[in-house]
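Here is how the chains run, residue by residue.
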Amino acid sequence: MSWQHELWVCNSGYTLPEEHDGSCDIWAREAVYLGYDWFKAYAEAAAKPHAVVRLRYSRFAVRASEVFRHIEGGGLCAGCWRRHQVTHTEHVIEPDTGLCRPCIEVVKRRGPYTRTPNGPEFMCEDCRVAFRRNHEASSSAAGHDPNPRIYRLALEVAIEDGSR
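So, how was this worked out
- Residues numbered from 1 in each chain as written.
- Predicted model: local features only at pLDDT ≥ 70, side-chain atom pairs only at ≥ 80, totals over all residues.
- Heavy atoms only, no water.
- Salt bridge = Lys/Arg side-chain N within 4 Å of Asp/Glu carboxyl O.
- Helix = DSSP H or I, 4+ residues; strand = E, 2+ residues; numbered from the N terminus.
- Buried < 20%, exposed > 50% of the residue type's maximum accessible area, 1.4 Å probe, protein only.
- Contact = heavy atoms within 4.5 Å.
- Core = buried A, V, L, I, M, F, W, Y, C linked by side-chain atoms within 4.5 Å.

Student: I tried to follow the pattern of salt bridges on my own but got confused; where do I start?
Tutor: When charged atoms on two side chains of opposite charge get close, those side chains can pair. The tally for this structure, following the rule as stated, stands at 8 salt bridges. R29 is paired through a salt bridge with E6; the nearest N and O atoms lie 3.2 Å apart. Here the residue R29 occupies a position in strand 2 (residues 27–34), and E6 occupies one in strand 1 (residues 3–10), the gap between them amounting to 23 residues. Put simply, K48 and E30 hold a salt bridge, and the shortest N to O gap is 2.9 Å. One end of the pair, K48, is in the loop between helix 1 (38–46) and strand 3 (50–57); the other, E30, is in strand 2, with 18 residues separating them in the sequence. Overall, E30 belongs to the partly exposed group, its relative accessible area being 45%. Members of the salt-bridge network, linked through shared partners, are E6, R29 and R56.

Shown next, in the form of structure tokens:
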């Protein structure tokens, strides 16, 4: 019995990065990494337009948990999207473009998959730096050392763990 990391790649046929925002429904398992090769699954996923890595204990286990996700470009990071939802509740569609101007104005790159206290999220660099600064300040105010693995890129942490 061992842990296995499965690389699943989106085969939904989408060509634009923003099309991969939660509606992907066709996935193909491309590879399985056993034991100490798990960090290769992260690197392979990061090289694909849209891929996930799922962790499963042995090949007979029914349930697998998602441990890494990569989507190339497009979309808002989770923090920017939450902030946008609070400040912008009604879409104003422009007739000539068919798009909502306030939504277009807040679009940033999604940012890389980042470790957070609530699990991994896509975070742009502005949000990641702000959350990390707040994490460090609140930890030191409570007399604790901040967790060095929080608000770091998930791929960076995986590579670091894989080199040990």
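Student: For this particular structure, what's the right way to read the environment of Y113?
Tutor: Relative to the helices and strands, Y113 resides in strand 5 (residues 113–114). Of the residues examined, Y113 reaches a relative accessible area of 9% and is grouped as buried. Along the chain, Y113 and M123 lie 10 residues apart, while their C-alpha atoms are 6.5 Å from each other. In this structure, Y113 is in contact with E66, V67, F68, R69, P120, E121, F122, L153 and A154, ignoring residues within four places of it in sequence.

Student: Got a minute to help me understand the nonpolar core in this structure?
Tutor: Note on soluble globular proteins: their nonpolar side chains tend to be buried together. Ranked by internal contacts, the top residues of the largest apolar core, which has 15 residues, are L7, Y42, A45, A51, V53, F68 and Y113. Of all elements in the fold, only strand 1, helix 1, strand 3, strand 4 (65–71) and helix 5 (154–162) reach the threshold of two or more residues within this core. Considering every element that reaches this core, the biggest residue donor is helix 1, with 4 residues. Within the second largest apolar cluster, 6 residues are counted, among which are C80, M123, C124 and Y151.

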